[in-house]
Amino acid sequence: MVIGVLVELSNKNIDKIFDYSVPGNLREFIKIGIRVVVPFRHQKIEGFVLEIKEKTDVSNLKDIIEIVDSEIILNDELLSLGKEIKKSTLSTLISCYQVMLPKALKAKHGVSINKKYDTYYCLNDDVKDLSLFKGSQAEIVNLCFTKGEVLKKDLKDISVSSLNTLIKKNILVEKICEHYRLSYSNSLSKKKELTEDQKKVVASVQAGHGVYLLHGVTGSGKTEVYMELIEHALLLGKSSIVLVPEISLTPQMVSRFQMRFGDKIAAIHSALSDGEKYDEWRRIVRGEAKIVIGARSAIFAPLNNIGMIIVDEEHSDSYKQDDSNPRYNAKDVAIIRGKYHNCPVVMGSATPSLEAYARAQKGVYKLLSLPNRVNGRSLPKVDIIDMNKEFKYSRGHFSRPLIEDINLALINHEQIILLLNRRGYASFVTCKSCGYTFKCPNCDITLTYHKASNTLRCHYCGYGEKVYEACPKCFEKALTDLGVGTEKVEEELNNLFPQARVLRMDFDTTSRKGSHEKMIEAFKNGEYDILLGTQIVAKGLDFENVTLVGVINADTSLNIPDFRSSENTFSLLAQVAGRSGRSQKNGKVIIQTFNPDHYAIEYTRKHDYIGFYNKEMTIRKELKYPPYYYICYIKVSSKDKDFLVTETGKIKRALVRNLDKTIILGPSPCTIFKLNNIYRYSIILKYKSDDNIREILNKIIEHYKVSQKIKIDIDFNPSHF
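Residues numbered from 1 in each chain as written. Predicted model: local features only at pLDDT ≥ 70, side-chain atom pairs only at ≥ 80, totals over all residues. Heavy atoms only, no water.

A. Expanded view of the sheet that holds strand β8 (residues 172-179). Read from one edge to the other, the open sheet built from three strands follows the order β7-β6-β8, with strand pairing classed as antiparallel. Whereas interior strands pair on both sides, the edge strands pair on one side only; in this sheet they are β7 (150-151) and β8. In the sheet, strand β6 (residues 116-123) pairs with β8 via eight bridges, with the strands oriented antiparallel. Across the sheet, residue Leu123 finds its bridge partner in β8, namely Leu172. On the sheet, helix α3 (residues 135-147) packs against β6, β7 and β8 and is oriented at approximately 105° with respect to β6. (Pairing = 2+ DSSP bridges. Helix = DSSP H or I, 4+ residues; strand = E, 2+ residues; numbered from the N terminus. Contact = heavy atoms within 4.5 Å. Axes fitted to C-alpha atoms, helices over the stretch in contact; angles between N-to-C directions.)

This is how it looks when you write it as structure tokens:
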């Protein structure tokens, strides 16, 4: 027997199948989709079995060393899916398979994740007369008789010596059972009565298949619709996937689904430990979990017979993997899996991406609508504060109207959410005397000041240093911090509202395991009055007592040099505005900005998604950007700046020769020219149809794959540049 093995090394030079022979004693255990250990060059390495055949043209075949898995790790669907992702992203095939698996199932390199076990005891079947036992022995025997199986720990709490005596006499029989690191309650709650709008949406999805775009205003009950659709899939004996964009949203979503479906759910996201991910993955494979909830990687859950795929907050750029290969979009993968299982894919949002809404307008997606909030309440009133006029009267970064409304909410024992999409204390530190600015030595970017730790940090490479008392260039004590981050605003809040309990939620405060969940639960329980955070507080969160939302600086995302900056600003503002007035109390939103007349802010004030969509589409068409054109972003990087410039010029000329129908921009330095001591140039392609673009780009990748001096990264339809 000969098998074709894809080894677990992500390198373009070995992105192919290698043949190995299988010793006779292992042949009956070989299956496509399992892992084996093979000799490769001068090492032992794991790989996936992708082919089984009787003969090969390769001479001097080596034997495989051992079989790793008794069960299939990658089923036929996932094997096929990996090949599609490889083709669309120009990545190595093994990287496409590795992204599907928890760390415990990737090449271990000496790391092992153990399963957890519990020891139970039950009565031997031969034990008939319980009256023979006295004292603590009787207590143990009676407990085992009543419960059937009892944890060893619980029996030891009664009496260790009595337990050991009963075990020696064979009165108790030991059972060792695996237990999972995560547990889910089975205390189910009643489902809510659907509104007429919700019933129409549910009926439409249940009547067909394909891709649906659910445009529902904030608070319109999209989650309740998702649960109704999933319950229907369960009744048909089918499983479901629910994607959410942020880790911070997962605990609330998991909690709501757990109350409805109990332990039928499994959670997959990056906040879980490796062991927890491994356990959840095995629960899914074993069919114990029928509903998988999680962030981007949850789309690869190894479910069979999928009946429903939900993509919540579909506008979020979190669904696109931009930082490593394969650069896939979970929404695209959801559509591929939906076609494979012939099941509906429902993408929901209050602010759909322009690409999704354009497809719905064309009939590629089926458009569904939830135009009203479930409680009949109107959307919150939005006030725009022109900080050009208000700035001289403001206290710190708070305008007079925002201060007044925060005070009023505090008096009424109501809660407030404040958004500032920049963490840290200040954007940078500079010298007022000579103009020196602290920059990262590894990256072409200023360091962010964090007052709590009195450090300057690079948010890209992680470099940090202590703050100097004097300028290192002119030696004057003239250092000052400029810009603002959540840490500084928290300090201002504590000074302005000393009676308020402030909770800051950003990357710095939520890096510990479980911190998101604890913070959300604490705020929900009324332990804090004000929730201050970055964009993680803007989406999906549902708090009944929040009546005021304040945006400290709406221009933060508006000034980013990206063609999607207006769309991202509108989406962020509309989403955070939707956190206000979601229950019985009226809501209000205050947006502070230096650009009050910008259309993204004006349409937010009116809660007018369609108006924004039409305006932005006009601009996109004129500038030849998505959804009218596809985009491909080519990033070329090297430690040698001169070599980089030369080779990037060669790549541009090759593209011009071969892609006559494509608009080619660049090469030009990336926004952050140097990152981790590596220089970066970019080329942007705009095109109407694929034609031979992937073929040409693949040839360029092949040309440079042996070079150690240069790296080519290709990103189709990037979420940002």
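Once you've had a look at it, read on.
B. Examining the packing of helix α7 (residues 222-235) against helix α8 (residues 250-261) more closely. Where α7 contacts α8, the two axes come as close as 11 Å, and the packing angle between them is 45°. As judged from the angle between their axes, α7 and α8 are oblique. Seen from above, α7 lies across α8 with right-handed handedness. Residues Thr223, Glu224, Tyr226, Met227, Glu228, Ile230, Glu231 and Leu234 of α7 form the contact with α8, whose own contacting residues are Met253, Arg256, Phe257, Arg260 and Phe261. A per-class count over the contact of α7 with α8 returns seven nonpolar, one polar and five charged. (Parallel < 35°, antiparallel > 145°, perpendicular 65-115°, else oblique. Left-handed = near helix turned anticlockwise from the far one by under 90°. Nonpolar A, V, L, I, M, F, W, Y, C, P; charged D, E, K, R; others polar.)

C. How the structure looks around the environment of Arg422. Note that Arg422 resides in the loop between β17 (415-419) and β18 (428-431). Overall, Arg422 belongs to the partly exposed group, its relative accessible area being 38%. Spatially, the C-alpha atoms of Arg422 and Thr556 are 7.7 Å apart, while their sequence positions differ by 134 residues. With sequence-adjacent residues up to four places away left out, Arg422 is seen in contact with Ser427, Val484, Gly485, Thr486, Thr534 and Thr556. (Buried < 20%, exposed > 50% of the residue type's maximum accessible area, 1.4 Å probe, protein only.)

D. Local environment of unusual backbone geometry. Residue Pro627 follows Pro626 across a cis peptide bond; omega there is 10°. Note on placement: Pro627 falls in the loop between α18 (609-623) and β27 (630-638). Residue Pro667 follows Gly666 across a cis peptide bond; omega there is 10°. The residue Pro667 is located in strand β28 (residues 663-675) in this model. Backbone geometry at Glu313 places phi at a positive 50°, although glycine is not the residue there. Within the fold, Glu313 resides in the loop between β13 (306-312) and α10 (330-341). With a phi close to 55°, Asn676 is a non-glycine residue in the positive phi region. Position of Asn676 among the secondary structure elements: in the loop between β28 and β29 (678-687). On the accessibility criterion, Asn676 (42% relative accessible area) is partly exposed.

E. A look at the nonpolar core. Counting residues in each nonpolar core, the largest one holds 60 residues, and the members touching the most others are Leu74, Met100, Ile299 and Phe300. With near-sequence residues (within four places) excluded, Phe300 lies in contact with Leu78, Leu81, Ile85, Val99, Met100, Tyr328, Val333 and Arg337. Judged by nonpolar contacts, the second largest core, of 28 residues, contains Tyr212, Ile293, Val346 and Leu370. (Core = buried A, V, L, I, M, F, W, Y, C linked by side-chain atoms within 4.5 Å.)

F. Looking closely at the side chain of Ser162. Structurally, Ser162 can be placed in helix α5 (residues 160-168). The class of Ser162 is buried, set by a relative accessible area of 8%.

G. Region of the structure containing the sheet that holds strand β5 (residues 66-67). Taken together, five strands build an open sheet; the order of strands is β2-β1-β4-β3-β5 and the sheet is antiparallel. Strand pairing shows two members of the sheet lacking a second neighbour, β2 (18-21) and β5, which therefore form its edges.

H. Local environment of the environment of Arg337. Within the element layout of this structure, Arg337 appears in helix α10. The residues contacting Arg337, other than those within four sequence positions of it, are Glu77, Leu78, Leu81, Ile241, Ile299, Phe300, Ala301, Leu303, Ile306 and Ile309. Looking at Arg337, its side chain comes within polar contact range of the main-chain oxygen of Ile299, at 2.7 Å. A distance of 2.8 Å separates the side chain of Arg337 from the backbone oxygen of Ala301, its partner in a polar contact. (Polar contact = N/O pair within 3.5 Å; in protein donor to acceptor, adjacent residues only side chain to side chain.)

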